[in-house]
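One letter stands for each residue in the lines below.
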Amino acid sequence: MLEGRAHDQARLDTLLSGAREGRSAVLVIRGEPGIGKTSLLAYAGERARDMAVLRGTGIETEAEIPFSSLHLLLRPVLARVDTLPERQAAALSGALGIGPAGRDDEFLVGLAVLSLLSDLADDGPLLCLVDDAHWLDRASAAALRFAAHRLHAEGVVLLFGARDGFDAAGLPEHLLGGLDRESSERLLTGRAPGLAAPMRERIIEESGGNPLALLELQESAPAQGPLPLPRRIQEAYAARIARLPADAATVLVLAAVEDGGELPVIVRAAAELGVAPAALDTAERSGLIRIDGAHVTFAHPLMRAAAFRHGTYAARLEMHRVLARLLGGRPDRQAWHLAAAATGPDETAALALEQAAERARERSGNAGASAALERAAELTEETAVRARRLTSAAVAAADAGQPGRAKDLIDRAGHLLTDPRSLARLSELRARVAFDEGAPHLAHDLLLSGADLIVGQRVTGRRAAGDAVTGDTATGEMAAGDAADGDMADGGGIAAADRVMAGLMLIDAARNAWQLSDPGRVAEAAGRLHALGLQPEDGLGPAVDAVTGAAEFLAKGPAGALATMRGLVADGGRIREGAHALRVNAAFVAGLVGDFQAGRDISAAVAAECRARGDIGKLPLALLTLTACDLYLGRFNDAVAGAAEGLRLAADTGQPNRAGYLEGMLAWIAAVRGEDAECSRLATRCLDRFEANRIANGPAWAEWALALLELGRGRFAEALDRLDAALEGPVRHQIQAVYFAPDQIEAAVRLGAPAGEPLRRFEEWADAAGHDWAGGVLHRCRALLEPDWDTAHEHFRAAVRLHADSGRPWEAARTRLAFGERLRRERHKGSARPHLRAALETFERLGARPWAERARTELRAAGDTSAPAGHDEAVSALSPQELQIVRLAAAGLTNREIGAQLFLSPKTVSYHLYRAFPKLNVASRAQLAGLDLS
C-alpha cells in the first residue's frame, strides 16, 4: 500500500479495468524526482497480474542512440514483429537493429508499434510501463507517442513516468504532487520510528511531501541552505556510497558509467579493473542497486547520478576505455564510450561516431544522428572535416524537428567555412529552419543570399510595385515570379550543378514570397531565377514556367499566364511514381488554373503512394491538396475526411504550417453546412496561426469561410464587408480572391452596391481558364447584375447549360437557386420550380443546410408546397473517420488492411465499424456494397 496515494491508485485501477473490457488508455504520470512515479508504475504492474506487461525505461546515457528505449520495451516480444504487415515489420525490424535498415519514415515505426501492441492485446489486455520517459531517445519517444495517440479499442494501457522535459504532445497527464502532512508523518515514522522530533519536523517541512526525500534524508542531516531537493537526495546517496568498501563503490561507478544495465558487461569490465564479482553482492545488499537476472538497475536515477559523481575523472575515463573494448560487437554504444574516453581530438572516436550517425539516419533516428555528428565534430582536428560534420549535424537536427539546435550548429559550422557552395547550403538550411519557425520573410532573404553565393556575383532584381506571386514552401504550392531587370551576367557561364542548385533555391524563395503574398519579393526572386540562364537539361522547366505564369498573372492578368502554368499540371499527371514534391506542386497549380479534377487525380495518386510506402510525414501535404480539390469539386464528405486525417497527422508529425490551411478549408465547409460555431472556431484558429507565422493561404480560406457563413444566413452586408476587408490585406494575392468574387457579386447585388471590380476579376480569370464551370459561374454573375430580364434569362440559361457536365455541383446548385429566385420574382413561378427543386436536392445532398432552407423557402413561395424527398442523412451522420473506414470496408478491405491505410489498429477499425453500422442501418459488411457512400 502506498501512503497517501489512494486517489492516484484509483485512477490507475480505472484504466486497468477499462483495458479488461477492451478499452485502451494512455496516461503520463509527471512529477519531480522521488515523488513516486516509479512506485505508481510498480503498483499498476502488481494490479495487472492477469494482464501481459511490457516494461521499459529511458536511459540517460543511451538517449542519443535511436530506438534504444523502444528495443528495451519490446525485447520480450520481438518474435511477433514478423507477423506485422510487411512494410511495418521491415520498418520496425530496421529501427530495432534486428533487420536491415531501410530509411523508412520514422512515423511508420510508430504505426508498427501500434499494430504490434494491438496484436499482443488479441491474447488479452496489455499493460505497457515506460519509466523515466524524459530520457527516452527521441526516436523511441516519437514512435510511442504516435502509437499512443491512436490507441482506442484494443485493451492496451500505456503509462509513462516522466519529469519535466518529456513532451507529452497532447497525451493525458496526471501531475503527481507531494504527500499531505499526515501521510508524510506516517511514512517517515514507519521507516524511522526513533527519529528525534525536531529532526522529524525539519525533514517533513523540507521534503515538501516528497516520499523519496522523507525516506532518504532521515539517514543523514538535511543539507543546509537552498539546495534543490534532488541535490539534497543525491547528497544523501553520496554519503551512503562513501560508507561502502572501495570495490563496491567502484562497481557502482562502473554500473553508472555503463548504464545499459548488462550484468555480463559490468562483470567483465570490473574484472579488467581488478574488482571481483563479490563487490556486486555488497553493492546490492546496500540497497543502491538491484540485480534481476542479467540486468542491473539503480534503485533510483538520482542514485546513478550520485554514483557517477563519486568516481574520479581519471577513473571514469579508464572505465569508458574498458567498456569500449568490450563492446566491439555493439558499434553504436562503443562509439559513445570511445568519445567519452577521449581527452582531446580523436579521429578514431570521431569516425566511429560518424558511422553511428549514418546508421541512425538509415533508421530515421535523426536526433541521435545529430548528437553523434556534433560530438564527432568536437573530436575532429581538421577544420574542413569539422565543418562538414557540424553541417551534417545541423541537417539531421532540422530533420528531427530541433530548430534551435540546428541554428546553433549552423552558426558553428559557418565560422569554419569559406567556400561559397558550402556557405550557400548553410543559407538554404537556415531558410528551412526559419520557415519552420514561422519566419518566411527571413527564409526568403536567406535563399536569395544563398543563391548569390553559388553564382559568385550579386543580382539586383527590380521589385515591381506589387504584382507577382509564386508558391508555398509549407504546402508545396507553386506559382510564379515576373522576370526583373538585373545586372547578372549570362547564366550560361555558370556550371550546370551550380545553376541547378541556385535555381532550386530561387524557386523556393519565390514560393516563400507567394506564402507571404509579397509581390516585391516575388519579383526579385523571379528576376534572379530568369537571369540564371537555366537550360532544358537542368530539368526545372515546368517549375520555372509555373513561376513565370503566376507572376504574369499578377502583374498583367491571367490572359496569357494560365496557359503557361498548365505545363506543370500536365507534367505532374504524367509522373506515376516518386517525385512527390513536383506532383503536389502540380496539383496546387491545377487549383490555380481551375483544373480541379486533374489536381485531384494527382493528389490522390500521391496520397495512395504515401500510404502504400508508409511515408506518413509526407501524407499531410498530399491530403491538403486532395482536400482542396475535393472541396472545389463539391465532394464535401471526402474533403472533411481528408482534412481531419491531415490535421491529426500534421499534429503527430509537427507540421503546424499545414494545419492552418486544413483548418481554413474545414471552416469553409462548416460555413456551407451552417455549422456556425464550428466555422468560427476553425477560422479563429487559422487566423491565430497567421498572426504567428504570416502565412497567407490559410487566412484566405478562413476569411472566405466567415463571409460565406454570413451569406448563407442572408446577412449580405456583413458578408460583403468581410470580403472587401480581406482584399485590403495579403489575401488579395491568393487564388481564393478570384474564387470568392462571385460571392462578393451576389452580396453586392442584394444590397444594390456596385460590383464591377469583382466581376472584372472573375471575368478575366474565367475567360483565360476556359472551363465550362467557370463560364457557368460567369454567366450567373452577369445575370445577377443584369437589370433587363430577357438578357438575364439568356445568361441564366447559358449558365445552366455549361454547368450540366462541369463536375461542380455546389456552383451548379447556386446557379439554379439564383435562376429560380429571379424567375419567381419575374412571376414565372412554374418555370422557377424545376430549378429550385434541383437546387434543393443538391444542397441537401451536400449537407448545405442554410442553402437548402433558402431553396425550400423559395420553392414554397413559387407555389410548391410538397415536401421533396430529402437526401439520405445516414452518411452525414458518420464521423469523418467512420466514413473513411466504411468506404474501405465496402471496397472489400479487411480491418487489418484498413488499419494499415489509415494508420489505426485493426481493433479501432472494428470499433468504428461497430458504431457506423447502426447509423447506416446495416448489419454486415456485405450490405455496405449496396449503399451510396458519396
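Note that the structure is predicted; figures quoted are calculated from it, not measured.

Basis of the calculations
Residues numbered from 1 in each chain as written. Predicted model: local features only at pLDDT ≥ 70, side-chain atom pairs only at ≥ 80, totals over all residues. Heavy atoms only, no water. Helix = DSSP H or I, 4+ residues; strand = E, 2+ residues; numbered from the N terminus. Buried < 20%, exposed > 50% of the residue type's maximum accessible area, 1.4 Å probe, protein only. Contact = heavy atoms within 4.5 Å. Lys, Arg positive; Asp, Glu negative; His and termini not counted. Charge placed at Lys NZ, Arg CZ, Asp CG, Glu CD. Pairing = 2+ DSSP bridges. Expected span 1.5 Å × (residues − 1). Polar contact = N/O pair within 3.5 Å; in protein donor to acceptor, adjacent residues only side chain to side chain. Axes fitted to C-alpha atoms, helices over the stretch in contact; angles between N-to-C directions. Parallel < 35°, antiparallel > 145°, perpendicular 65-115°, else oblique. Left-handed = near helix turned anticlockwise from the far one by under 90°. Nonpolar A, V, L, I, M, F, W, Y, C, P; charged D, E, K, R; others polar. Salt bridge = Lys/Arg side-chain N within 4 Å of Asp/Glu carboxyl O. Core = buried A, V, L, I, M, F, W, Y, C linked by side-chain atoms within 4.5 Å. Phe/Tyr/Trp six-rings, centres within 6.5 Å; stacked < 30°, edge-to-face > 60°. Lys NZ or Arg CZ within 6 Å of the ring centre and 35° of its normal. Disulfide = S-S within 2.5 Å. Patch = residues over 30% accessible without salt bridge, like charges linked within 9 Å, V, L, I, M, F, W, Y side chains within 5 Å. Areas by Shrake-Rupley, 256 points an atom, 1.4 Å probe, with all protein chains shown as cover. pLDDT = per-residue confidence, 0-100.

### Quick word on the overall build of the protein chain
Then comes step 1: Each helix and strand counted, the protein chain has 45 helices and seven strands in total.
Then comes step 2: Each principal axis of the C-alpha distribution contributes one length, and for the protein chain these read about 105 × 70 × 50 Å.
Then comes step 3: By the burial criterion, 59% of the 934 residues in the protein chain qualify as buried.
Then comes step 4: Long-range pairs, those at least 24 residues apart, make up 69% of the contacts in the protein chain with a sequence separation of at least 6.
Then comes step 5: Taken together, the 106 basic and 124 acidic charged side chains of the protein chain have centroids lying 2 Å from each other.

### Observations regarding the pairing of strand E6 (residues 289–292)
Residues in a regular strand point their side chains to alternate faces of the sheet.
Then comes step 1: The pairing of E6 with strand E7 (residues 295–298) spans four bridges and is antiparallel. Residue Arg 290 lies in a different strand from E7, and its bridge partner there is Thr 297.
Then comes step 2: Turn length for the E6-E7 hairpin, with the two strands adjacent in sequence and antiparallel, is two residues, and the turn residue Gly 293 shows positive phi of about 65°.

### Here's the deal with helix H39 (residues 789–803)
Then comes step 1: The terminal C-alpha atoms of H39, which comprises 15 residues, lie 21 Å apart, in line with the 21 Å expected from a rise of 1.5 Å per residue.
Then comes step 2: What H39 keeps buried is the set Trp 789, Ala 792, His 795, Phe 796, Ala 798, Ala 799, Val 800 and His 803.
Then comes step 3: With a side-chain oxygen positioned 3.4 Å from the backbone nitrogen of Asp 790, the residue opening H39 is Asp 788.

### Some remarks on helix H37 (residues 756–769)
Then comes step 1: In this model, H37 (14 residues) spans 20 Å end to end at C-alpha, consistent with the 20 Å of a helix rising 1.5 Å per residue.
Then comes step 2: If you check which residues of H37 are buried, you get Pro 758, Leu 759, Arg 761, Phe 762, Trp 765, Ala 766, Ala 768 and Ala 769.
Then comes step 3: Those residues of H37 that are buried are in contact with helix H25 (541–556), helix H26 (561–574), helix H27 (580–593), helix H35 (736–739), helix H36 (741–751) and helix H38 (772–785).
Then comes step 4: Looking one or two places after H37, you find Gly 770, whose phi comes out positive at around 75°.

### A word on the packing of helix H29 (residues 619–632) against helix H30 (residues 636–652)
Then comes step 1: Contact geometry for H29 and H30: axes closest at 8 Å, N-to-C directions at 160°. When the axes of H29 and H30 are compared, the pair comes out roughly antiparallel. Crossing of H29 against H30: the hand is left-handed. Residue-level inspection shows Leu 619, Pro 620, Leu 623, Thr 627, Asp 630 and Leu 631 of H29 in contact with H30, the latter providing Phe 636, Asp 638, Ala 639, Gly 642, Ala 643, Glu 645, Gly 646, Leu 649 and Ala 650.
Then comes step 2: Here the residues of the contact of H29 with H30 are counted per class, giving nine nonpolar, three polar and three charged.

### Observations regarding the sheet that holds strand E4 (residues 156–162)
Then comes step 1: The five strands lie next to each other as E2-E3-E4-E1-E5, forming an open sheet whose pairing is parallel. Whereas interior strands pair on both sides, the edge strands pair on one side only; in this sheet they are strand E2 (52–57) and strand E5 (173–175). Between one strand and the next, the sheet's axes are offset by a mean angle of 15°, whatever the strand orientation.
Then comes step 2: Of the strand pairs in this sheet, strand E1 (residues 25–30) and E5 are connected by three bridges, and their pairing is parallel.

### Side note on the pattern of salt bridges
Then comes step 1: Across all of its chains, the model carries 77 salt bridges by this definition.
Then comes step 2: Within the structure, one salt-bridge network assembled from shared partners comprises Glu 374, Arg 375, Glu 378, Arg 405, Asp 408 and Arg 412.

### Re the nonpolar core
Then comes step 1: With 162 residues, the main nonpolar core has Leu 74, Leu 92, Phe 160, Trp 668 and Trp 765 as its most contacted residues.
Then comes step 2: Excluding residues that lie within four positions of it along the chain, Trp 765 makes contacts with Phe 553, Pro 558, Leu 562, Leu 592, Val 593, Gly 594, Ile 735, Val 738, Tyr 739, Trp 773 and Ala 774.
Then comes step 3: Residues Leu 252, Ala 283, Met 319 and Leu 326 belong to the second largest nonpolar core, which totals 48 residues.

### Things to note about the environment of Glu 86
Then comes step 1: Along the chain, Glu 86 falls in helix H4 (residues 86–96).
Then comes step 2: Owing to a relative accessible area of 71%, Glu 86 belongs among the exposed residues under this scheme.
Then comes step 3: Residues Glu 86 and Pro 730, spaced 644 residues apart in sequence, show a C-alpha to C-alpha distance of 47 Å.

### Some words on the packing of aromatic side chains
Then comes step 1: Under the counting rule described, the total for this entry stands at 23 aromatic pairs.
Then comes step 2: Seen from their ring centres, Tyr 739 and Trp 765 are 5.2 Å apart, and the 90° between their planes marks the pair as edge-to-face. Remark: Trp 765 occurs in helix H37 and Tyr 739 occurs in helix H35; sequence separation between them is 26 residues. Across the pair, Trp 765 and Tyr 739 agree in class, each one buried.
Then comes step 3: Between Phe 843 and Trp 851 the ring centres are 6.1 Å apart and the planes differ by 45°, which places this aromatic pair in the tilted class. Trp 851 carries the same exposure label as Phe 843, and that label is buried.
Then comes step 4: Over the face of the ring belonging to Phe 146 we find Arg 150, whose NZ or CZ atom lies 3.9 Å from the ring centre.
Then comes step 5: Positioned above the aromatic ring of Trp 773 is the side chain of Arg 808, whose terminal nitrogen or guanidinium carbon lies 4.2 Å from the ring centre.

### What about the state of the cysteines?
Then comes step 1: Under the counting rule described, the total for this entry stands at zero disulfides.
Then comes step 2: Residue Cys 679 stays outside any disulfide, its sulfur separated by 11 Å from that of Cys 686, the closest cysteine.
Then comes step 3: Judged by its relative accessible area of 0%, Cys 679 is buried.

### Some points on the environment of Arg 138
Then comes step 1: Looking at the secondary structure, you find Arg 138 in helix H6 (residues 138–150).
Then comes step 2: Classification of Arg 138 as partly exposed rests on a relative accessible area of 35%.
Then comes step 3: On a C-alpha basis, the gap between Arg 138 and Arg 290 in space is 27 Å, while along the polypeptide they are 152 residues apart.
Then comes step 4: Not counting chain neighbours up to four residues away, the residues in contact with Arg 138 comprise Ala 63, Ala 367, Ala 400, Gly 401 and Gln 402.

### Looking at the packing of H25 against H26
Then comes step 1: In contact at an axis separation of 7 Å, H25 and H26 are set at 150° when each is read in the N-to-C sense. Here H25 lies roughly antiparallel to H26, going by the angle between them. With respect to the hand of their crossing, H25 and H26 are arranged in left-handed fashion. Of the residues in H26, those in contact with Pro 542, Ala 543, Asp 545, Ala 546, Gly 549, Ala 550, Glu 552 and Phe 553 of H25 are Ala 561, Leu 562, Thr 564, Met 565, Leu 568 and Asp 571.
Then comes step 2: Considered class by class, the residues forming the contact of H25 with H26 number nine nonpolar, two polar and three charged.

### A few points about the side chain of His 174
Then comes step 1: Within the secondary structure layout, His 174 lies in strand E5.
Then comes step 2: Here the side chain of His 174 touches Asp 8 through a polar contact of 2.6 Å, side chain to side chain.

### A look at a negative patch on the surface
Then comes step 1: A surface patch of negative charge is lined by Glu 718, Asp 721, Asp 724 and Glu 728.
Then comes step 2: Examined against the element boundaries, Glu 718 turns out to sit in helix H34 (residues 716–726).

### Observations concerning the pairing of E1
Then comes step 1: The buried fraction of E1 amounts to six of the six residues, a majority that puts the element mostly inside the structure.
Then comes step 2: Alternating residues of E1 divide into Ala 25, Leu 27 and Ile 29 and Val 26, Val 28 and Arg 30, and every residue in both groups is buried.
Then comes step 3: Pairing of E1 with E4 involves six bridges; the strand directions are parallel. If you follow Leu 27 over to E4, its bridge partner there is Leu 159.

### Some details on the side chain of His 733
Then comes step 1: Here His 733 shows up in the loop between H34 and H35.
Then comes step 2: Within the local environment of His 733, its side chain forms a polar contact with the side chain of Arg 732, the two groups lying 3.4 Å apart.

### Here we look at the confidence of the model for the protein chain
Then comes step 1: Taken residue by residue, the protein chain gives an average pLDDT of 88. The fraction at 70 or more is 94%.
Then comes step 2: Taken together, the stretch residues 457–492 has pLDDT below 50 and engages in 152 contacts with residues farther than four places along the chain or on a different chain.

### Examining the environment of Arg 694
Then comes step 1: Tracing the backbone through its elements, the reader meets Arg 694 in the loop between helix H32 (676–693) and helix H33 (697–712).
Then comes step 2: Separated by 47 residues in the primary sequence, Arg 694 and Leu 647 have C-alpha atoms spaced 19 Å apart.
Then comes step 3: Among all residues touching Arg 694, those that are not within four sequence positions of it are His 441, Gln 515, Leu 516 and Arg 689.
Then comes step 4: A polar atom in the side chain of Arg 694 sits 3.5 Å from the side chain of Glu 691.

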